[in-house]
Amino acid sequence: MTLIRRSLFMLLLICLGCVAQSAPPDLARKIEHQMRATYTIPAEVKVVVGAISPSTEMPGYDAVSVSIDGGDGKPKDYKFLLSKDRATLLRLTKFDLTKDPFAELMSKIDVSGRPTRGPKSAKVVAVNFDDFECPFCSRMHQTLFPEIFKEYGDRVTFIYKDDPLTEIHPWALHAAVDANCLAAQNGDAYWDFADYIHANKREVDGEKTAAARFEAIDKMTILQGQKHNLDAATLQSCVKAQNETAVRASMKEAEGLGVNGTPALFINGQKLDGAVPINEVRAALDTALRDAGQPVPQHLPSGPAPASK
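A. Expanded view of the pairing of strand β10 (residues 270-273). Judged from the four bridges that link them, strand β9 (residues 264-267) and β10 form a sheet pairing that is antiparallel. Bridge assignment links alanine 264 to a residue of β10, and that residue is aspartate 273. The antiparallel pairing of β9 with β10 creates a hairpin that spans two residues between the two strands, and asparagine 268 there sits at a positive phi of about 50°.

Pasting the structure below:
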């Protein structure tokens, strides 16, 4: 019985060896050198070549994984194809044509309860991750509103999400919370606040202390509440509470989408990074409209972008 067990154990080891085997040290070193040279990987980043196994993607090749660990606790694994003679390494990119990557990306963005501009039933949705203190966001905002909105406002839904860059913009989070206090009662009040603060952020920047800047933002918020006849007690209570939960959830969502700066505009899933020229925004909107079977508007001549006050 013992002999049978030993035989079965040896057979299992042999089978496992046929499926996956460690890369020889000299081969692992060659692969590592290629990785560092091709992708400019610094010396302090750890590169680990994994086991070699038969490829299920391409006959005549084996599969090998390479792990890149920058020390942040989140190593990334990459799959490569390795020729049988160990002379060639390939990176195979496989596309699933049964899925729409743009639609999948948009499905990850939660826009429930967010204020909108444009028809809510539009087949094209533009979601902008915004930071009220960011000068580039102000530039993008002034591109979108009013110029782009004049051209596309009857066929595109515009939505803002929060992504204040708290490391470099100390009052952006406070402004986002205040804006959401307005949005909880009235979407137009939210948009009027966004329009005003993006055009007049220097009013906040000009205050000498953090407390004074927060107070200036709160005053802007209360004034918008009065303008739109909001419930004053509810608004003041919300502003005072400074509940950051919803804003931080939006920030986490942005991180999961690969947003690493603002503004970041998603038009039916196509991402535009930064304050891109108006023609790039138009091109993305036109493409999304055509893909959705919608007519493209006639374009107005572009005027000079307004300066922030």
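B. Local environment of the sheet that holds strand β4 (residues 76-83). Across the sheet, which stays open at both edges, the five strands sit in the order β1-β2-β3-β4-β5 with antiparallel pairing between neighbours. Taken across any chain shown, the strands that pair with only one partner, and hence form the sheet edges, are β1 (21-22) and β5 (89-90). Pairing analysis gives seven bridges linking strand β2 (residues 46-54) to strand β3 (residues 61-69), with the strands arranged antiparallel. In the strand pairing of β3, valine 49 is matched with valine 66. Packed onto the sheet, helix α2 (residues 25-39) meets β2, β3, β4 and β5 and runs at close to 125° relative to β2.

C. Region of the structure containing the pairing of β4. For β3 and β4, the ladder comprises eight bridges, and the chain directions are antiparallel. Residue isoleucine 68 lies in a different strand from β4, and its bridge partner there is lysine 76. Here β3 folds back onto β4, and the loop between the two strands holds six residues, one of which, glycine 71, carries a positive phi near 90°. Pairing of β4 with β5 involves two bridges; the strand directions are antiparallel. Across the sheet, leucine 81 pairs through a bridge with leucine 90, a residue of β5. Hairpin connection between β4 and β5: a loop of five residues separates the two successive antiparallel strands, and arginine 86 in this loop has a positive phi of roughly 60°.

D. Summary view of the environment of methionine 106. For methionine 106, the location among the structural elements is in helix α3 (residues 101-107). Residues methionine 106 and valine 125 lie 19 residues apart in sequence; the distance between their C-alpha atoms is 9.0 Å. Each residue touching methionine 106, except ones within four places of it in the same chain, is listed here: Val125, Val127, Phe266, Asn268 and Gly269.

Procedures and definitions
- Residues numbered from 1 in each chain as written.
- Predicted model: local features only at pLDDT ≥ 70, side-chain atom pairs only at ≥ 80, totals over all residues.
- Heavy atoms only, no water.
- Pairing = 2+ DSSP bridges.
- Helix = DSSP H or I, 4+ residues; strand = E, 2+ residues; numbered from the N terminus.
- Contact = heavy atoms within 4.5 Å.
- Axes fitted to C-alpha atoms, helices over the stretch in contact; angles between N-to-C directions.

Function cannot be read off these values alone, since they describe shape.
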